[in-house]
Structures are given as C-alpha cells and as structure tokens.
Amino acid sequence: MGIRGLATYMAQRSDWHLKPFELHNTYLVIDGNALASQLYIQHAKCNCSFGGDYDKYARTICEFFDSLAKCNITPLVIFDGGCEEKKIKTVRKRIRDKVGSAFGYNPTTQRSYKFFPLLMKEVFKEILSKKGINYVQTLFEADDEIASVARILNCPVLSLDSDFYIYNVMYIPINTLDPFMVQNRPGIGYVKRCKIYRVESLLKQFPGLDSLHLPLASTLLGNDYVNCRTFKEFFLHLRLAKATKMRYNQQQRRIEATILWLSKHSFHNAITQILARLPQESRSKVLEIIEMIVNVYTTSDPQILISLGFPMEFVSEMKIKFKKEPFKYKSDDDIKNFRPEEDVEDGEELECDLTDLEEEEMVKDDPEFRYDPNIEKVAPPWFIEEFQMGRYASYFIDIFTRRFYVCPPQIEDYSYPAAIKISTKIISVIYSLLTKGLQGPVLLSYLCRGSGKNVIVNKLEAKENMLGCQLPNLFDLRKLPIIIRKKILDETLGIPEMALATLPNEWQLYVATIIFWMSQQEKPSGTNCHLYSLLYSMLFSVVDNKIGYHRSEQYFHQKYDQHIKTIFYNRENQQHEQLNQNLTIFQAYCQINIDDCLLAAPFLLNNFEIDQHLLWNVKKFNISIVHAFAQFQICLRHSVHLNALLGFPYQQTRISELFNGTLVYNLYTNFKGRNDIDAYVFHQLQNSPTLLRLFNLLLANIKGLLKQDVLDNKVNCARRRRKRNKVKNCVETTQIIEPEDSTSFYDVNNRFSMLRGN
C-alpha cells in the first residue's frame, strides 16, 4: 500500500524506533521482491552494463541464505504477483524513468547506479529452488500475506517497505541487516546483527495512540486504496505546531500532524470525525474503504502457510486461533451529532496539496477503489496453484486481468528497435494460451521503448493456430499429452522434433533459444562471433561443476598452478590416446576431464573481468554488442516462461550457470579480432581436448539446425581465408602445448598478431 514519506519520517527518528537486535533461531518472512533487488544493488559485484552477471548474483544469493542457515533462521520468501490497477500509472512512470536511465549507460556510469538485469528474478527463484527454500507468489501485492504469516508465526518481516511500520508486526529493514556476517555468541550460537521495529515504539512516542489508529493514518495520508484529496476538508482543519517546520518537509509534517491528531481521539471517535467532515454523498463509500483497510491491516489468513510447506493440521489450528470478526463501524447518530473541533492556535494549516503527492498513483476513472478481479473464476485451479508456487512470471496475471504486459527495459542500443520485438512470436503464443476463450480485448497491449527514449504501447495479436489446429484454451492445456505441449514449444522456437535429444537436459531449452534467436531477421543480426561466444560461455558451467566456483585469477593460480604443472608433466610422459569423436553431445559432456577444465579455466577467468580500457575510454564500449545479447536474453526470458506454462516439456534452464554478460561481451570482442575463429578456439582448448570435442559437437549440432540462408547471413567476425579442412585437421590433432601466455596467439593471416601479448 505505502505511505509516501513515512520511511523518511521514521528514519529521522530511527534511534527511537529501530533497536539493535540479534536474529537467530526463528522463522523469517522475507519480501522476495525487496530482497532480490537489494542483494543485487548493495552486494552483488556485477557489471550491469553488459546485461547481467548472473553467476555472481547467484553466488551472492547463496551466501546470504547460507548465513541464515548458520543462525538457524528458516526463511519463508513471499513474492508479489500481478500489478494492481492503482499501480499502473506508477509502473508506466518507472518504465519511462528506466528507459531514460538506460540511455547511454556504460561501464563508467554503472559505478554511480545499478541497473537490474532482465532475468534477475528468474535467477533469484532458481537459487531458492536449488537450495530447497520455501517460497510462494501471491496473485497481487504480497504485503497482506507477508504480515499475516509474520503475525501467525510471531516472527520478523524482512523488507524495505514502509507499510510494515503500520502493520502490527516485527519489522527488520533490509538495509539494517548485515547480509553475510554472523557472530558466535556463547550460549546462544550464531546470530545476525540487525535493527528491528516494533509498533510499541511508535505508540510510546505518541501517548494515547493505539495500533488500531495506524490503519486510519494510512487511510488519511493516502495509499493504494484511497488518495489524500478525498480528505481535503479534513486536512484544512488539521494544524501542527510551527516548531516542526524546520525538521520536516510538507509530507512529513502531514504525517506527524495526522498521527498526533489520532492520538487524541479514540478509534471510534476518530472515524466519526473523519466521516463528519466529508460530504454526505461520499460518506458511505469512504466508510467502506476505511472498514476494508482496517480489516486488511489487522486480520490474518493462515491459508498461505499450506503453500509454504506447513501441514494442514497446523493451518487448521491457526485458522481457529486467528479467527476474528471483521471490523464494522456502527452508530450513524454520532456523525449527526458531531460538532467541529476548534483549530489549534499558533499552528500551521496543512492542505492536501496534490502537487506534493504522487499523482501517478491516481487512476482517473475511480480513484478510490482497488482493482482486484476475482481471477479464480476465470483461471483453472491448477494454474492458480502453480502461479502461487512461483512457477510463472508475475506478468501472467497482468495479461489475464487487463491484457497488458510491461517488459522491464534492458541496456540496449537506442539506434535499433526495442529488443522485445524479436520475441513477439513467443509472447503471442503465451498470450493465446492464457486468454483464449475469455472475454476481453482481442489484442495484447505491451509497453516498450519506441524510437529513441520514447515509451510506447504496441499491440500484438494472439497466435491462433499451431500444429495444424487451434491452440487450446487454458482449461484444456494440461489435458494435452506432454509430447504435444513439447511440440507447441518446438514449433514456436522453430526446432525440429527430437533435434535436441542428444544434449544434456539442462541445455536443451537454452540451445533451442539460441537457434530461435539466430534465425530471426532483427537487426543487429547475430553473427558467428555471437554464436561462438554463447557456446564458449556454456563451457564455464562445465568447468564450474568440475572444479568449483572460481572468478579470481590470482586465487586460482595460487591454488592450482602447481597442480597444472603436474598435469603437463604427466601428459608429456604418457602415451596419448586418440579421443573418440563419434559421440553424442551428452556422451561428450559426461566424459569431460577435470584436468582439462583446470587447463581451460585461466582463459575463461581472464574474460570474466571488465576490460580497464572501457573504463578509461567509454568510446571503446560497443553498445551494439550488448544489444544483440539483450535480444537473446529477451528470447530466453519468454522461452523459459512459455516452457513453464506448458508444464516443463523441457527441463528449465539454469540461467545463472550459462549466461554472464561480461563474459560473452569479452569473448565476442576477442573473437571479432581473429581472422580464423575456429583456429583460435582450437588454440585456447588444445590442452583440453574433451572440452574442445564438446564445443565442436555442440557447434556442429546448432549449425545443422540453422537454415542455409540463415548461415549465409551469419557472416563470420573477420574474413576467413583459411580452408575449412585445415581447421578440421587441427581440431583432430591432440598435441599438448603448454602456452607461456594464454592470451597470445599467432594468426597466420595477421603478421602483427604476436604483438598483442606484448
């Protein structure tokens, strides 16, 4: 809901309200959206300008939840769902702001502010699933459910939302919690230091204030249900001592005046006086809003605990324990007999100045009611259940309820059309499956960047037919055999049946998306350099799985240099066995040698770090490279979401293991400068023959699935004069050469190539 300015107001008196606390041995209800954002902003050391270093972000998430486990803290993560009607204008404004901030974003500006990568939330959920952490996704905003769970379990909430100053719960602002450090306390065990808010601290500051008054404060000051101008007449009679003018701005003075006024009236009397100051014709409507808000803030529904893994018996007990009659205001006679209070002398009049409020949060049609359609009536039970399990993207609800989709902006080249354009074919299938047979607009409206920094609304038709017949509606979708649902996804992405069967399961959807992306005709067209970069970066997931997570070259060399020398020594003194090249990709994947991974790692690690030349001279930063990979990412986003909607005919892609924006950018620029990219790949992997074999098999498989006209258009990064059969012979050679410098490479077509390493 949110009261603008409340967080700042509370922060100015943080010593009163936020007390030191040691967190341990408890449940912790986590605002998933807030934590995902704050871990990225404050702690993940990622390069935002390249589209997303998801492996580093995933590492940060793992470390955070590992530290909770060490303190015996059980996290319960709750995500927001669809966007409610009241938020639409705010969302539009935020998209415009993000599009503006993305323009000209580069490795230098990323030092000043972070830009969220497109697949950040998908990676966050991926790690939660991997670590077995319970999480749910509400249909709409999650604040009510977060507060309910915290009250029922008598545990704190971790968030960064000022609403939790109003809910009667223990509240830990994320920015007060040390995310990783734990301390061993004798007799207690490991704890995490933070600061906690309890509503009692606010009640002590304003004698006479009751926790029931706080929902009224939220109502008067304006939230998602009602805006401040409804109570314009009330604020005209509300005054505050002038002494506070120096401490607070207008909105903060309004907050203090409202709370102070409420502290001088009983709950019932306060409602009476609020209603009595309103025009007669609007009282019943406003009273309905007040009753609804009070009930939202004070009631607890244990039903969500089932989705969080609690047994049905416990939930049934909690339903009985927290059963409460809804609040209902009584006695209209009090309003009729109301006499206005005298104004406070020597005070400052507080008008509800709309220019000082967030007009973007107001809706023209009906600014007083929350848009909350009963989606359970139009969606099958399995869809609601799986949405609440967090399997689907939150925008599915937006498509359902208002045929509207907002795709988060990316770092792009603004001289090209928005990257989302390349994936509209996938979006149209998602749209059709979600809405077929339902009443509502025929076309999907989607908000995206237009030309330059403009933000526009485009229209998209639903995909009606596929596989020679009409697509099913949502109620019939899961009645289809999984093989048919897989065919729907394959046809959408342009993948022949069983074409990816020889790949590891976790790679199949990722490779299918690469093929779809390469086959599109959107500019800038993907080249061999883009393709080789994505495939080469896939090798780092293999290396990570074999030798563990490493991103520091210095630490890696300290740990493994002696072992690497031993590997070279042993190989020189052993008779080499010719590798079998007639394997499937999966077989080659399973036969990766750990020693080969150790020998390949230094080159990969060298490409994980940002090139310092980009920081010294931003003109060297090529935004068109980033744009092409942004197109790939948005295709991947919608492929992953369609795969989930179809019931996972493919194993879901582990994004954090496969895509790193800095890595693919560096690989692209590296490959682009080579006259013979195949020979260069061979040079880098010649001492890792099992990895080289895997790379070549994967490359051949993908090129075999691309149409000839596509291959003709995907020109190489540089002119290729070397004959293909020579490269093939090189690949089959398995001579072991220990390079003095992993970055040096003699290019036969470039007489100056040896100077690069000097």
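Refer to the preceding data block for the structure.
Here's a quick rundown of the structure. Not measured: the values here are computed from a predicted model.

Quick look at the overall build of the protein chain
Looking only at helices and strands, the protein chain has 34 helices and 15 strands in total. In the protein chain, which comprises 758 residues, the share counted as buried stands at 56%. Once local pairs closer than 6 in sequence are excluded, the contacts in the protein chain between residues at least 24 apart make up 80%. Accessible area for the protein chain stands at about 33,400 Å²; split by element, carbon and sulfur atoms hold 50% of it.

Details of the packing of helix H23 (residues 528-547) against helix H32 (residues 689-705)
Put simply, H23 and H32 touch, their axes get as near as 10 Å, and they point 135° apart. Judged by the inter-axis angle, H23 sits oblique to H32. Relative to H32, H23 is oriented so that their crossing is right-handed. Across the interface between the two elements, Asn 528, Leu 531, Tyr 532, Leu 535, Tyr 536, Met 538, Leu 539, Val 542 and Val 543 of H23 pack against Leu 691, Leu 694, Phe 695, Leu 698, Leu 699, Ile 702 and Lys 703 of H32. Of the residues that constitute the contact of H23 with H32, the class distribution is 14 nonpolar, one polar and one charged.

Thoughts on unusual backbone geometry
With a phi close to 60°, Leu 467 is a non-glycine residue in the positive phi region. Within the secondary structure layout, Leu 467 lies in the loop between strand E14 (465-466) and strand E15 (469-470). Leu 467 gets classed as partly exposed once you look at its relative accessible area, which sits at 37%. If you check the backbone angles, Phe 648 has positive phi at about 60° while not being a glycine. Assignment of secondary structure puts Phe 648 in the loop between helix H28 (623-645) and helix H29 (655-658). Phe 648 gets classed as partly exposed once you look at its relative accessible area, which sits at 30%.

Some words on helix H12 (residues 267-276)
Of all ten residues in H12, eight are buried; the element is thus mostly enclosed. For H12, the complete set of buried residues consists of Phe 267, Ala 270, Ile 271, Thr 272, Gln 273, Ile 274, Leu 275 and Ala 276.

Side note on the sheet that holds strand E13 (residues 455-460)
The mixed open sheet is built from three strands, whose spatial order is E11-E12-E13. A single partner strand is all that each edge strand has here, and the edge strands are strand E11 (404-406) and E13. Taking the axes of each pair of neighbouring strands and ignoring which way they run, one obtains an average angle of 25° across the sheet. As defined by bridge partners, strand E12 (residues 444-449) adjoins E13 across six bridges and the pair is classed as antiparallel. In the strand pairing of E13, Cys 448 is matched with Ile 456. Sitting on the sheet, helix H18 (residues 395-402) touches E11 and E12, and the angle it makes with E11 is about 150°.

Things to note about empty space enclosed by the protein
Tallied over the full model, the rule gives seven cavities of 30 Å³ or more. In this structure, the largest cavity encloses a volume near 140 Å³. Around the largest cavity, the lining comprises 14 residues; the ones closest to its centre are Cys 407, Pro 408, Pro 409, Glu 412 and Arg 449. A per-element tally of the lining of the largest cavity places E12 first, with three residues. Residue classes in the lining of the largest cavity are distributed as eleven nonpolar, one polar and two charged.

Cut-offs and rules
Throughout, a residue's number is its position along its own chain's written sequence, starting from 1. Residues qualify for local features only when their pLDDT is at least 70, as the model is predicted, and side-chain atom pairs are given and counted only at 80 or more; totals for whole chains, interfaces and linings, by contrast, use all residues. Working from all heavy atoms in the structure, the side-chain values ignore hydrogens and water. Numbering of helices and strands starts at the N terminus; helices are DSSP runs of H or I of at least 4 residues and strands are runs of E of at least 2. Using a 1.4 Å probe on the protein chains alone, a residue whose accessible area is under 20% of its type maximum counts as buried, one over 50% counts as exposed, and one in between counts as partly exposed. Residue contacts are defined here by distance: any two heavy atoms, one from each residue, within 4.5 Å place the two residues in contact. We get accessible surface area from the Shrake-Rupley algorithm with a probe of 1.4 Å; when it comes to residues, only the shown protein chains can shield them. Convention adopted: a line fitted to C-alpha atoms gives each axis, helices being fitted over their contacting stretch, and angles between N-to-C directions are expressed from 0 to 180 degrees. Our angle categories are set so that under 35 degrees counts as roughly parallel, over 145 as roughly antiparallel, 65 to 115 as roughly perpendicular, and the remainder as oblique. For any helix crossing, the convention is left-handed if the near helix is rotated counterclockwise from the far helix by under a right angle, and right-handed if that rotation is clockwise. Residues are sorted three ways: Asp, Glu, Lys and Arg are charged, Ala, Val, Leu, Ile, Met, Phe, Trp, Tyr, Cys and Pro are nonpolar, and all the rest, Gly among them, are polar. Any two strands between which DSSP finds at least two bridges are classified as paired. Note on definitions: the grid is 1 Å and covers protein atoms alone; a cavity is a set of points where a 1.4 Å probe fits but cannot get out; a pocket is an open set with protein on both sides within 12 Å along at least five of seven lines; lining residues have an atom within 4 Å of a point. Grid points are joined across faces, edges and corners, and a volume is the space filled by probe spheres set on the points.

Keep in mind these values describe shape, not function.
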